[in-house]
Amino acid sequence: MDFASDNSVGVSAEILAAVAAANVGAAHAYGEDAWTAKALARLDEIFERRTASFLLTTGTAANALALAALTPPYGAVFCHESAHVMEDECGAPEFFTAGAKLVGIEGRQGKITPAALRATLGAFPRGRVTQVQPAALSLSQATECGTLYTCAEIAELTSIAHEVGVAVHMDGARFANALVAQNCTPAEMSWKAGIDVLSFGATKNGALACEAVIFFDPAQADNFVYRRKRGGHTLSKGRFLGAQMAAYLEADLWLENASKANAHAAKLVAGLTKVPGIRLVWPTEANEIFVLMPRGIDRALQAAGAHYYEWAFHAIDRAQVQPREDDVFIRLVTSFATDPAAIAEFVAIAQAAAATP
Ligand SMILES: *Cc1c(COP(=O)(O)O)cnc(C)c1O
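Residues numbered from 1 in each chain as written. Predicted model: local features only at pLDDT ≥ 70, side-chain atom pairs only at ≥ 80, totals over all residues. Heavy atoms only, no water.

Examining the domain arrangement of the chain
- The domains assigned to the chain are domain 1 (13–253) and domain 2 (254–355).
- For domain 1 versus domain 2, the distance between C-alpha centres works out to 28 Å.
- Between domain 1 and domain 2, the residue contacts involve 26 residues of the former and 20 residues of the latter.
- Across the domain 1/domain 2 interface, buried area totals approximately 2,000 Å², and carbon plus sulfur atoms make up 55% of it.
- The interface formed by domain 1 and domain 2 holds 2 salt bridges in total.
- The partner of glutamate 288 in a salt bridge is arginine 174, and the shortest N-O contact between them spans 3.3 Å. (Domains from an automatic or database assignment. Contact = heavy atoms within 4.5 Å. Buried area = accessible area lost by both parts, 1.4 Å probe. Salt bridge = Lys/Arg side-chain N within 4 Å of Asp/Glu carboxyl O.)

Dropping the structure here:
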């Protein structure tokens, strides 16, 4: 019963097999290989556009280096106050941008609203010498609360940003989960909605260690090869990144994996919300579930060996849901590799514990 994260599971068999298959003979180093060429060509196909795409091994590097391409050191990078770039990357965005300032924006359910974005941009006018200059907006899709922006919502935010010359980055660590949950194409959820640069995740959805930074305007990617190399993310045996991404995109494995992960989450939510005392904190729109759970149920689950993380209470919007005295706030994440039997067992234990006085 492992619901700790979508990176606590292993690698899709197809991707591991592709890595092994690439382990034959010699190939050019540093990404000048046939596997990488195939992966990049497939990304162009999927996004219906000639992109400038780059493979690297972590989402943190993808985000930090992508943002570095969009902002000067004296720039402001706007993001949700609980964004991964803000809270979970150990200052990598500040480091790789050579000191740009991250500016957090409040918003319910992990989402930035047009009004909040306008207000924040208004507080950072261009040309005020005492302040950092507006440079980039970063949106997480899916968000850190497991919610989604619709394509129309993305388009509205990007147009507000573009009006004042602010470029838009999308942290798509869970891009596939967000995509399959909505009725739109990869192009519609990215560049057609005004996204300039996308961190396209693969690791959490089945790869071993592979993410792509995708520039929809190749002119913005001018210096990225140097940034990636300087950042230590240009793999000498780059073919193994190419093999992972090519296999991830082959025969729609990425969409299939994400659909499985989301379906597992929906099943877990359906079971848990029937258990007395368990309450959803945010709607589950992809593969992350946030619930308040009476401590007795939490204890029973822990005792049975279930694995998941407690989350910070301060993120809860108390106008929406009031935590009770003995509530535990937890996050559960499902993946392509979640065992359906583990979902059933988890729900059964919660149900039994709820029925025990
Ligand atoms: C996991 C995750 C990342 C990438 O994290 P790494 O551990 O550096 O690969 C980026 N953004 C979000 C929202 C994530 O959940």
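Anyway, onward from the coordinates.
Overview of the site of the ligand
- Around the ligand sit Thr58, Gly59, Thr60, Asn63, His84, Glu89, Glu144, Asp171, Ala173, Arg174 and Lys204, and those are all the residues in its vicinity.
- Within the side chain of arginine 174, one N or O atom sits 3.1 Å away from an oxygen atom of the ligand.
- Considering the ligand on its own, with 390 Å² of exposed area, one finds that the protein chains cover 80% of that surface.
- At 3 residues, helix α3 (residues 59–70) tops the list of elements feeding residues into the shell around the ligand. (Near = heavy atom within 4 Å. Polar contact = N/O pair within 3.5 Å; in protein donor to acceptor, adjacent residues only side chain to side chain. Areas by Shrake-Rupley, 256 points an atom, 1.4 Å probe, with all protein chains shown as cover. Helix = DSSP H or I, 4+ residues; strand = E, 2+ residues; numbered from the N terminus.)

Overview of the pattern of salt bridges
- Under the criterion given, the structure shown has 11 salt bridges.
- Notably, a salt bridge pairs aspartate 252 with arginine 42, separated by 3.8 Å at the nearest N-O pair. You can see aspartate 252 sitting in the loop between α10 (239–249) and α11 (253–272) and its partner arginine 42 sitting in helix α2 (residues 34–46), a full 210 residues away along the chain.
- Aspartate 252 sits in the partly exposed class, given a relative accessible area of 37%.
- Arginine 42 sits in the partly exposed class, given a relative accessible area of 25%. (Buried < 20%, exposed > 50% of the residue type's maximum accessible area, 1.4 Å probe, protein only.)

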